[in-house]
Amino acid sequence: MTWNPDSDVVEVARGPEPGGLGGAYRVFGETLRGLKTSFMRVVEGTHTVEYPEEKIPVYPRWRGRHKLHKFEDTGLEKCVGCSLCAAACPADCIRVVATENTPENRVSGGERYAAVYEINMSRCIFCGYCEIACPFDAITMGSDFELADYNRSDLIFTKEMLLAEPMVRTPLRAEGE
Amino acid sequence: MEVIRHGKAAGPGGPVALQPGDKEAFRARQLRARDLLRGELEGDDIEQHVRDSIVTTTLDKAAHWAQGNSIFPLTFGLACCSIEMISLVGARMDMSRFGSEAMRATPRQADMIILAGRVSMKMAPVVRRIYDQMLEPKYAIAMGACSSSMGVFNNYAIVPADKFMPVDVHIPGCPPRPEAVVYGILKLRKMIQDDPTMAWRDRYRAHGTEETKPWSLDELEERAGRAAQLEAREKDARA
């Protein structure tokens, strides 16, 4: 519509009248549109994992608490005390003290064995370099991550603790899951 | 309706009769309670009074139960671990299930500080000050390798948390996954509820160092005098 300067009549475009059903819709319509998103999430259900009772299975490549291994047939330790893991460790958390095997006291498959094998779990960053460095697959990363403790010195894991079959507290994700 | 009065429960032979010493013992208890209210109870009597009132121990247990189930953490992230800490309050690892309802943004409302990340030498006094501002009972969790024992940062700039403040639970990992942190918090809850003597005041034998409001002007002056004495002694030792 063009404005005619000669005319006395001026047409004014007004907004909608307040009140009534239309007014109510204009007030609450947008709010409801927003709430639709909220209510659609309610239908989806909860995402909370009830952690101590129900655990998310970890992936096979998840790196958790370390394990030391033995040969299944002979029962000898796989670790020969070469300290390659300690050399590879970026956090310097592994301590290995190697000793010679003797015919009377044969502990490992190689010439030497680890008399002391300690991992300071509070220093460890779970990078898995020790696992890669190990030439005999003596150390691998397990799946356990529940390691919190009250005392820092309790977090230094000894060879016996690492050799023992760990309590399976963390479910492992199955193939293709 | 039969009303059974306390202490006179109906046995097989009717109400139990009072024993000869009962009345005197009751009177002694009554007098102890009166003296306690007057503030005159001292020494062995007060010990006996505490032993008599079973309510205290039960109340203690209830208080510890309540404390363990309402550990409010402080919003305090130092480094990358704090990203995992943030996810604790998310939908998946909902920390409010364990009573850690909301992260408090002021140390005066928090019960627990999660040291999430590396603490540098420069940050250590700040962390210590924040910890000192928290109200008792207070707890600290060192989350991740850096804050519990420096982790990969084996250098001059980083300091492990328990070198400058009492830490209750250490959580290994780099960073620990949220479940591991929840495990640490549950461990802390277990400590509070089962063995409250493991809290820092008992571990460091720091009883008697509580900062309390002085009750009178005399006490305030006495404290000021003690502080001056200590200061003088330190000056002498330095000289």
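Quick caveat: nothing in here was measured; it's all calculated off a predicted structure.

Please explain the domain arrangement of chain A as it appears in this structure.
The figure often quoted for interface size is the accessible area lost as the parts come together. We note that the domain assignment places domain 1 (16–49) and domain 2 (66–163) within chain A. Spacing between the C-alpha centres of domain 1 of chain A and domain 2 of chain A amounts to 60 Å.

Even after reading the chapter, I still don't get the pattern of salt bridges, so can you show me in this structure?
Side-chain pairs of opposite charge can arise whenever the charged atoms involved come near each other. The final tally for this structure, using the stated rule, is 16 salt bridges over all chains. The salt bridge partner of Glu77(A) is Lys159(A), with a shortest N-O separation of 3.1 Å. One end of the pair, Glu77(A), is in the loop between β1 (66–68) and α2 (84–88); the other, Lys159(A), is in helix α4 (residues 159–163), with 82 residues separating them in the sequence. Comparing Glu77(A) with Lys159(A) shows no difference in burial state: the two are buried. Between Glu179(B) and Arg177(B) there is a salt bridge whose closest N-O contact spans 3.1 Å. Residue classification places Arg177(B) among the buried positions, given a relative accessible area of 17%.

I'm lost on the side chain of Ser149(B) in this one. Help?
Checked against the element boundaries, Ser149(B) lands in helix α6 (residues 144–149). Leaving out residues up to four positions away in the same chain, Ser149(B) has contacts with Ser122(A), Arg123(A), Arg152(A) and Pro160(B).

Just to check I follow, could you spell out unusual backbone geometry for this structure?
A negative phi holds for most residues other than glycine; trans holds for most peptide bonds. Looking along the chain, the bond that leaves Glu136(B) and enters Pro137(B) is cis, with omega of -5°. In this fold, Pro137(B) is placed in the loop between α5 (124–133) and β4 (139–143). Cys174(B) connects to Pro175(B) through a cis peptide bond whose omega is -10°. Along the chain, the position of Pro175(B) falls in the loop between β5 (169–171) and α7 (178–194). At Asp92(A), a position not held by glycine, the phi torsion is positive, near 55°. One can find Asp92(A) in the loop between α2 and β2 (94–100). Backbone geometry at Met150(B) places phi at a positive 70°, although glycine is not the residue there. The residue Met150(B) is located in the loop between α6 and β5 in this model.

Would you explain the interface of chain B and chain A in this entry?
On the side of chain A, 28 residues touch chain B, which itself brings 34 residues to the contact. Between chain B and chain A the total buried area reaches about 2700 Å² when both faces are included, carbon and sulfur atoms providing 60% of it. When residues of chain B are sorted by the area they lose upon contact with chain A, Pro172(B), Arg177(B) and Tyr183(B) head the list and together hold 23% of the total. The partner of Asp162(B) in a salt bridge is Arg152(A), and the shortest N-O contact between them spans 3.5 Å. Where chain B touches chain A, the interface holds 11 residue pairs in polar contact (both at pLDDT 80 or more). Counting residues per element, the ones that place at least two in the side of chain B that touches chain A are α6, β5 and α7 of chain B. With nine residues, the single largest contributor to the side of chain B that touches chain A is α7(B). Residues belonging to the side of chain B that touches chain A are distributed by class as follows: 18 nonpolar, seven polar and nine charged.

Explain the sheet that holds β4(B) to me, please; I cannot follow it from the model alone.
Neighbouring strands of a sheet are bound in pairs by backbone hydrogen bonds; such pairs are parallel or else antiparallel. Residue and element names in this part refer to chain B. An order of β3-β4-β5 is seen for the three strands of this open sheet, with the pairing classed as parallel. Taken across any chain shown, the strands that pair with only one partner, and hence form the sheet edges, are β3 (112–116) and β5. Averaged over all neighbouring strand pairs, the angle between strand axes comes to 15°, with direction disregarded.

Calculation criteria
- Residues numbered from 1 in each chain as written.
- Chains lettered and ligands numbered in written order.
- Predicted model: local features only at pLDDT ≥ 70, side-chain atom pairs only at ≥ 80, totals over all residues.
- Heavy atoms only, no water.
- Domains from an automatic or database assignment.
- Salt bridge = Lys/Arg side-chain N within 4 Å of Asp/Glu carboxyl O.
- Helix = DSSP H or I, 4+ residues; strand = E, 2+ residues; numbered from the N terminus.
- Buried < 20%, exposed > 50% of the residue type's maximum accessible area, 1.4 Å probe, protein only.
- Contact = heavy atoms within 4.5 Å.
- Buried area = accessible area lost by both parts, 1.4 Å probe.
- Polar contact = N/O pair within 3.5 Å; in protein donor to acceptor, adjacent residues only side chain to side chain.
- Nonpolar A, V, L, I, M, F, W, Y, C, P; charged D, E, K, R; others polar.
- Pairing = 2+ DSSP bridges.
- Axes fitted to C-alpha atoms, helices over the stretch in contact; angles between N-to-C directions.

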